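Structural overview
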Amino acid sequence: MVSREQLSVMIKHHLGLLAFGDEDDYPVKWAVYESPLGGRGLVATQDIKAGEVLFVDYPLVYGPRSGITVQQGCTVCKNIDSDIFFKCSKCSLTLCSVQCQNSEFHSSDCSIISRWPNKVPIEEVDETLLSRALTAIRALLLNEDQKYFLTSLQANRLPQYGSEIRDLKQYFDIPSHEEEFMILVTCVLNTNAFQMATQYGKKEMSLRGLYPVASILNHSCVPNTRNCFNGDLQMTVKATKTIDAGSEIFTCYSGMLWGTPARRLYLYRTKHFLCDCDRCADPTERGTLLAALKCFSPDCQGSLLPIHPLKTTTAWRCLECGMRVPNDNICVIQSALGSLMGSLDLKNVDELENFYLNRITRYVPRTNQIVLDLQCRLIWELGETDGLRWNGKFTEHKYSQKIF
């Protein structure tokens, strides 16, 4: 493991801070430190005001996300809305145009893959697998200092990570040192990468990027920063509240509007820890009731909440009538709700509205995270659906009074 001092120097080089002069005189109000939560973190060295920019990060490497189900799209322009996708005859990566094929961006990707000897004809290579592995492949293009910085970041070296690289060996004869490096990169990515935002109105592949400075931030379910992306893939990290000198700087690894069970399960599956912060320990989540279910008693309008939220097998209890419900019953309801959401056509406004008004509220109160998610989706789709866009006039419409 690199020392804290070494990591600090690499961060300054990455952000270009050393260009300001002496290392001890750079214009930031934070530093790397040993976090009491374990590992490294960032701590405020001066008071930071709400809204203040802490830093602007950029990705060491980025590319398509690595899930088993990935969107087909052009690996250059990220376009997913095309009827003419084709595979490069040299590397088998998916492209949408000759212009993308002749781009310098594709030439870089192609130069790596095409130099690996083929074990099968190139047209038989699984382009979906290749897309899943592309971010790690691109890490081979980094210079030695960048590679050292990347590999100095925390990595969960679990056996399930790197399968996309190991599976590529059925198609290519990959040098062992490159295979080992790319597997390490996948471990770093799965620990540290951020999902990159898609520009409004664009139909693009979902990407992830390794933002090395932001990745050092530890998690809180009530973070004191937020991040946003611009068209140049830069991530700006801002304070959302006053951060006193000596306080740790946090981000949130999960959805802010998810209920505690959903957040804790996501963090356990993806980051391999169970959060026990004050928000997670509060059954009401500061009065938001984001995880609440409707009481099972037909005569009660109360909400069910976990009795001991930090225990995954806890029973739930109604705030109104006191009814206790075993955790197994709660899990059945939560699973059914997940299946119902998974069956929805999220682009169909009428279907979303009917589900919101007539189905989901049978099982959950209006404070539940699913209801909030549906409201956000409806707002989004109402603004994008022909005939429902804002035209500068208020009109009587079925959506205007039922939902908002």
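- An unreviewed UniProt entry lists the protein chain under the name (African queen) hypothetical protein, with Danaus chrysippus as the source organism.

**Overview of the side chain of D57**
- Inspection of the secondary structure assignment puts D57 in strand 3 (residues 53–57).
- No salt bridge is formed by the buried D57. Its closest oppositely charged neighbour is K271, at 14 Å.
- Here the side chain of D57 touches H14 through a polar contact of 2.8 Å, side chain to side chain.

**Some words on the nonpolar core**
- The biggest cluster of nonpolar side chains holds 72 residues, and the ones touching the most others in it are W30, F55, W116, I137 and F172.
- Once residues within four sequence positions are removed from consideration, F172 is found in contact with C91, I113, W116, P117, N118, K119, I122, V125 and L130.

**Considering the UniProt feature "domain: HIT-type" (unreviewed entry) in the protein chain**
- Following the UniProt record, one finds the feature "domain: HIT-type" (unreviewed entry) at residues 74–110.
- Here residues 74–110 runs as 30% helix and 11% strand, with 13 Å between its end C-alpha atoms.

**Concerning the packing of helix 4 (residues 127–138) against helix 7 (residues 176–192)**
- At a minimum axis separation of 9 Å, helix 4 and helix 7 run at an interaxial angle of 105°. Classified by the angle between their axes, helix 4 and helix 7 sit roughly perpendicular to one another. Within the contact between the two elements, helix 4 uses T135, A136 and I137 and helix 7 uses M182, V185, T186 and L189.
- Grouping the amino acids of the contact of helix 4 with helix 7 by side-chain chemistry returns 5 nonpolar, 2 polar and no charged.

**Quick look at the packing of helix 5 (residues 144–151) against helix 7**
- The geometry of helix 5 relative to helix 7 is characterised by a closest axis approach of 10 Å and an angle of 50° between their N-to-C directions. Considered as vectors, helix 5 and helix 7 are oriented oblique to each other. Where helix 5 abuts helix 7, its residues K147, L150 and T151 lie against F181, L184, V185 and V188.
- Of the residues in the contact of helix 5 with helix 7, the class split is 5 nonpolar, 1 polar and 1 charged.

**What to know about the sheet that holds strand 8 (residues 207–209)**
- Read from one edge to the other, the open sheet built from 3 strands follows the order 4-8-7, with strand pairing classed as antiparallel. Strands with a single pairing partner mark the edges of an open sheet, and in this sheet they are strand 4 (62–64) and strand 7 (194–196). The average undirected angle you get between the axes of adjacent strands in this sheet is 35°.
- In terms of strand pairing, strand 7 meets strand 8 through 3 bridges, oriented antiparallel. Across the sheet, residue Q195 finds its bridge partner in strand 8, namely R208.

**Details of the side chain of T135**
- Take T135: it is sitting in helix 4.
- In this structure T135 comes out as buried when scored by relative accessible area, which is 0%.
- The contacts of T135, once residues within four sequence positions are left out, are V61, Y62, G63, P64, L189 and R208.

**Points about the packing of aromatic side chains**
- Evaluation of the coordinates by the stated rule reveals 7 aromatic pairs.
- Where W30 meets F55, the ring centres are 5.6 Å apart and the plane angle is 70°; that geometry is what we call edge-to-face. Within this pair, whereas W30 is found in strand 1 (residues 30–34), its partner F55 is found in strand 3, the two being separated by 25 residues in sequence.
- Note on W30: relative accessible area 4%, which makes it buried.
- Overall, the relative accessible area of 4% leaves F55 in the buried class.
- Pairwise contacts between aromatic rings join F194, Y211 and F229 into one cluster.
- Over the aromatic face of F181 sits the side chain of K147, whose NZ or CZ is 5.4 Å from the ring centroid.
- For the cation-ring pair, K271 lies above Y253, with the distance from its terminal atom to the ring centre recorded as 5.7 Å.

**Digging into the state of the cysteines**
- Per the counting criterion, the structure on display carries 0 disulfides.
- Sulfur of C100: no disulfide; nearest cysteine sulfur belongs to C74 and is 3.7 Å away.
- On the basis of relative accessibility, which here comes to 8%, the residue C100 falls in the buried class.

**Examining the environment of Y62**
- With respect to the helices and strands, the residue Y62 is situated in strand 4.
- For Y62, a relative accessible area of 23% corresponds to the partly exposed category.
- When the C-alpha positions of Y62 and M196 are compared, they lie 8.9 Å apart, and in sequence the two are 134 residues distant.
- Once you skip the residues sitting within four places of it in the chain, Y62 turns out to touch F105, T135, R138, M196, L207, R208, G209 and L233.

**Side note on the environment of I333**
- Locating I333 in the fold gives a position in helix 10 (residues 327–342).
- A C-alpha to C-alpha distance of 9.9 Å links I333 and V364, two positions 31 residues apart in sequence.
- Beyond its immediate stretch of four places on either side in the chain, I333 contacts L293 and F296.

**So, the sheet that holds strand 1**
- One open sheet holds the 4 strands; their spatial order is 1-2-12-9, and the pairing between them is mixed. Edge positions in the sheet fall to strand 1 and strand 9 (218–219), since each has one partner strand and no second.
- Relative to strand 2 (residues 40–44), strand 1 runs antiparallel, the two being bridged by 5 bridges. Residue pairing across strands places A31 opposite V43, the latter belonging to strand 2.
- Packing of helix 1 (residues 4–15) onto the sheet brings it into contact with strand 1 and strand 2, and relative to strand 1 it is tilted by some 150°.

Conventions and cut-offs
- Residues numbered from 1 in each chain as written.
- Predicted model: local features only at pLDDT ≥ 70, side-chain atom pairs only at ≥ 80, totals over all residues.
- Heavy atoms only, no water.
- Helix = DSSP H or I, 4+ residues; strand = E, 2+ residues; numbered from the N terminus.
- Buried < 20%, exposed > 50% of the residue type's maximum accessible area, 1.4 Å probe, protein only.
- Lys, Arg positive; Asp, Glu negative; His and termini not counted.
- Salt bridge = Lys/Arg side-chain N within 4 Å of Asp/Glu carboxyl O.
- Polar contact = N/O pair within 3.5 Å; in protein donor to acceptor, adjacent residues only side chain to side chain.
- Core = buried A, V, L, I, M, F, W, Y, C linked by side-chain atoms within 4.5 Å.
- Contact = heavy atoms within 4.5 Å.
- UniProt positions renumbered as here; feature names shortened; annotations may be inferred.
- Axes fitted to C-alpha atoms, helices over the stretch in contact; angles between N-to-C directions.
- Parallel < 35°, antiparallel > 145°, perpendicular 65-115°, else oblique.
- Nonpolar A, V, L, I, M, F, W, Y, C, P; charged D, E, K, R; others polar.
- Pairing = 2+ DSSP bridges.
- Phe/Tyr/Trp six-rings, centres within 6.5 Å; stacked < 30°, edge-to-face > 60°.
- Lys NZ or Arg CZ within 6 Å of the ring centre and 35° of its normal.
- Disulfide = S-S within 2.5 Å.

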